[in-house]
Protein chains: 2
Amino acid sequence: MAVSLKLSITVVTIVTAALGLVTAALGLVTAASALVSHRHSRPLSARSKHTDRFDYKTRYFQQKVDHFGFAEDSTFKQRYLIADRYWNQDGGPILFYTGNEGDITWFCNNTGFMWDVSKELGAMLVFAEHRYYGESMPFGKKSFSNLKHLNYFTSEQALADFAVLIRSLKQTITGAQNSPVIAIGGSYGGMLAAWFRMKYPHIVIGALAASAPIWQFEDLSPCGTFYTIVTNDFLKSGKGCAESIRNSWDAINKLSSTAEGLTFLSHTFQLCSPLQAPDVASFKSWLIETWVNLAMADYPYEANFLQPLPAWPIKVVCTFLKDPSLPAKSLLQNIFQAVNIYYNYTGNAECLNISQTATSNLDDEGWYYQTCTEMVMPSCSDGVHDMFELVPWDLQDFSDNCKKDWGVRPRPDWIATVYGGKNISSHSNIVFSNGDLDPWASGGVTKSISDTLVAISISEGAHHLDLRSSNDADPSSVQNARALEVEYIKKWIEEAKAEPVQ
Amino acid sequence: MAVSLKLSITVVTIVTAALGLVTAALGLVTAASALVSHRHSRPLSARSKHTDRFDYKTRYFQQKVDHFGFAEDSTFKQRYLIADRYWNQDGGPILFYTGNEGDITWFCNNTGFMWDVSKELGAMLVFAEHRYYGESMPFGKKSFSNLKHLNYFTSEQALADFAVLIRSLKQTITGAQNSPVIAIGGSYGGMLAAWFRMKYPHIVIGALAASAPIWQFEDLSPCGTFYTIVTNDFLKSGKGCAESIRNSWDAINKLSSTAEGLTFLSHTFQLCSPLQAPDVASFKSWLIETWVNLAMADYPYEANFLQPLPAWPIKVVCTFLKDPSLPAKSLLQNIFQAVNIYYNYTGNAECLNISQTATSNLDDEGWYYQTCTEMVMPSCSDGVHDMFELVPWDLQDFSDNCKKDWGVRPRPDWIATVYGGKNISSHSNIVFSNGDLDPWASGGVTKSISDTLVAISISEGAHHLDLRSSNDADPSSVQNARALEVEYIKKWIEEAKAEPVQ
């Protein structure tokens, strides 16, 4: 049986950090290095059911392909979803989800927080799709066909889309003219929400930026923190757990150096395609991605975020990883049991496919392009402060891969130049929430900067738990966070209403 | 003798409002309408002498042609001037002139204020040229050859140039790393200074926006105020003066309807080329531009701003325009005497050329492109509140001309969308100065918005008088304005130094 790994472009180019998105888990690609590399996470499914509770209308808005130039004057249809069941039509607020790297219906259905608070706030909900994702394709099916078509695929263009859309909504919806608008987003969407408030404070009165790693750029944060947080999640979820994973790499290296060992790994991990020597890096990346995704999705209740998972999945995983001192084969048999929780909680998987999450869906491809242009987020691991192997951040290698795959080189200093890096104290009305369990807190704003740039920590929170629907199993930390978030939103609305019109 | 009017593209397309630039007087083109139209002002010379006092070094910085896309990866040389004689090399401030529509050396030599205060502030001066002006051509001599080359000619790209340049200066100049930077500009340069602070508050701690009509867009200001202010300047400078000009249009219309009348006009105005019927609109535009330019340059001392002019030139002009009730020919003979002050104060002109200021120099052409894309500034006159003829604002006609001349249609709502229109109260540390005599105060911020968004009125000030070198004839209003401006700049610097670093 031939090896049939269908590695997507993102896997081939090798990655180190994974940004699980807002509530979606389209991976964030970052560092590239040498042989061993970390893969990024991907969504199992970008669509969830459209329940009665999430009752929205789908709309399309004609956007200019290029807001920042006049040579390209074409337009495209940007999709957005709108829900106004509880909206106070006399100037009630608009909660505006700044869509990120995926199908907007998926974000809509996974941002229960907005639905939960809409009644109390008398708010209209709008979920705006990010250009080049979902159905919002500037050049239809040819949007990714060449660099010329990809040229309008930037965060600045996306923010301009949001601004133009909101201006239009306020002009065309009766009663919305004076509606204060609050930006809400998670992960990259949270970054967009924060940046939107920074760049368009005349359009949005405030922003809730959940799990938004706006400082995961250049040297704003240490590149290794991401994997340290992942490691800590495993460290505190069971004795021997992180150490078992740390020891697994040597075991894999040792076994994968022989044909017999490769066969053992293939059988033990019930791989759909037998592992061959050149695939070992991908195999390890796949495992890394699994641990990262577990950290991002370490929620207190059974949930289907990146995969269907039990409550506190890392604890469950760690029940298999108690003895790090086992010999290689036994250790890896336990690693399989752990991984199997992630990939086969439903019990339906017949074999594990190390390219399983490496689908070539557009979302992934799009995000990879973004990391190769603006979203250059250094990450690294050292095997000392984390449970991974030594993988330094290698910008040159990363850039070379981008050049090869897309014909572009990233501009690693651009995001801090345009959005301010650490120097954002002159802005106002942004709540940055981060979960202590979330690897992406590594690049987040975790300390308040001023009275109006507020950090909220959620001690038991993984990746933007606060944006998910409320749940009986929610720890008090996330309940408190949400209450505080609503309080700030109300305060911004009050202040906006009191503001004299020029 | 054949008619040899060499009207530049801007004149052919006919204009209504004139934005005299910062200290430069490259015209601001705006409305287009019907037959009669207003022309915009243009600089007599874009270069003045490089005196010892203005001792700068010329430098070039490699800028990306496109900050907002990755398909075009070429670079160009942006010119900037730097003066550090008085700079405190241990973190002394940088006063950064946000160059506007012309040769940066011209702005440098005409912004004496910055030179005057550099010693007191221990400041480095930097004057950055705006892309597509002067020597800063993204595609060299081909920058204006087609729409593809013009595509990167926007205010957003210019601001990004400034941001990238400042970041580089702070990284490369020893002692500048912690230097607070203050943006300073006049006219369109003042708009850029204000917008720069709004969009890049992490790069500049504050902005002095002199005579910056940031509200001369959409319906943010009445379209007629510009010409009302021009008219008021003449009204208060001599009895019968404005009324004479108001009556001149009918006289011109009457005389220009006959061959004899055209000959009379040609002789009376000592025109270099005899006036023919199709040129009458241009002739009137030229006069309108003359009155506008006099209003912008109505300085209290002899100066060479748009032309060499006497102190309080409108008062001088008005000495010829005391009797509005004269018959047509006598009235127009007086109008000529008035106009001759503007065009022939030195006595060197042998004849007057109604295309004289309509040179086809790059500056003008560039600004016309900007008005045809982002800088759509409605203007109109009604003949009732002003001394001009009825010229309504006609966006469609203006847009059609842009389409014809450049292949683009303007986006009149973009500037307010991207820069906030009237809703800018969340920003901080901007001083907006306006002169009561300056037509461009029509679109300026003339009332303070908050403690940190401050309007300064200069009762005896024409177009950004405050940015000019101090002069013994300066009225106290401009002396006070400059003192206040320095006070704010010092305050911003103090606050920036006290700001904790993240």
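Up top is the structure these notes are about.
All of the points below concern the structure found in this document. (Residues numbered from 1 in each chain as written. Chains lettered and ligands numbered in written order. Predicted model: local features only at pLDDT ≥ 70, side-chain atom pairs only at ≥ 80, totals over all residues. Heavy atoms only, no water.)

## Brief notes about the environment of B:Gln307
All names here are of chain B.
Then comes step 1: Relative to the elements of secondary structure, Gln307 occurs in the loop between β7 (303-304) and β8 (308-309).
Then comes step 2: Looking at Gln307, the relative accessible area reads 2%, which means it is buried.
Then comes step 3: Here the alpha-carbon distance between Gln307 and Ala297, two residues 10 residues apart in the chain, equals 8.6 Å. (Helix = DSSP H or I, 4+ residues; strand = E, 2+ residues; numbered from the N terminus. Buried < 20%, exposed > 50% of the residue type's maximum accessible area, 1.4 Å probe, protein only.)

## Some words on the pattern of salt bridges
When charged atoms on two side chains of opposite charge get close, those side chains can pair.
All names here are of chain A.
Then comes step 1: Using the criterion set out here, one finds 34 salt bridges over all chains in the structure.
Then comes step 2: The shortest N-O distance in the salt bridge between Asp405 and Lys404 comes to 4.0 Å.
Then comes step 3: Residue Lys404 is classed as exposed on the basis of its relative accessible area of 58%.
Then comes step 4: Notably, a salt bridge pairs Asp474 with Arg482, separated by 2.8 Å at the nearest N-O pair.
Then comes step 5: For Arg482, a relative accessible area of 9% translates into the label buried.
Then comes step 6: Members of the salt-bridge network, linked through shared partners, are Arg79, Asp103, Glu129 and Glu135. (Salt bridge = Lys/Arg side-chain N within 4 Å of Asp/Glu carboxyl O.)

## Things to note about the interface of chain A and chain B
Then comes step 1: Every contact between the two is made by 48 residues of chain A and, on the other side, 48 residues of chain B.
Then comes step 2: In this assembly, chain A packs against chain B so that about 4,000 Å² is buried in total across both faces, 54% of it on carbon and sulfur atoms.
Then comes step 3: At the junction of chain A and chain B, the tally comes to 4 salt bridges.
Then comes step 4: Across the salt bridge formed by B:Arg167 and A:Glu218, the nearest N and O atoms sit 2.8 Å from each other.
Then comes step 5: Between the two partners, chain A and chain B, sit 21 residue pairs in polar contact (both at pLDDT 80 or more). (Contact = heavy atoms within 4.5 Å. Buried area = accessible area lost by both parts, 1.4 Å probe. Polar contact = N/O pair within 3.5 Å; in protein donor to acceptor, adjacent residues only side chain to side chain.)

## Overview of the state of the cysteines
Then comes step 1: On inspection of all chains with the given rule, the structure shows 8 disulfides over all chains.
Then comes step 2: Sulfur-sulfur distance for the disulfide between A:Cys272 and A:Cys351 comes to 2.0 Å. Classification of the bridge connecting A:Cys272 and A:Cys351 rests on its S-S torsion, roughly 100°, and on that basis the disulfide is right-handed. Of the two residues, A:Cys272 is situated in the loop between α9 (259-268) and α10 (280-296) and A:Cys351 in the loop between α12 (328-343) and α13 (362-371); the sequence distance between them amounts to 79 residues.
Then comes step 3: Residue classification places A:Cys272 among the partly exposed residues on the basis of a relative accessible area of 23%.
Then comes step 4: A sulfur-sulfur separation of 2.0 Å characterises the disulfide bridge that pairs B:Cys223 with B:Cys380. Between B:Cys223 and B:Cys380, the S-S torsion sits near 90°, and that sign places the bridge as right-handed. Here B:Cys223, found in the loop between β6 (206-210) and α7 (225-235), pairs with B:Cys380, found in the loop between α13 (362-371) and α14 (395-406); they are 157 residues apart in sequence, far enough to count as distant.
Then comes step 5: What makes B:Cys223 partly exposed here is its relative accessible area of 23%. (Disulfide = S-S within 2.5 Å.)

Taken by themselves, the reported measurements are silent on function.
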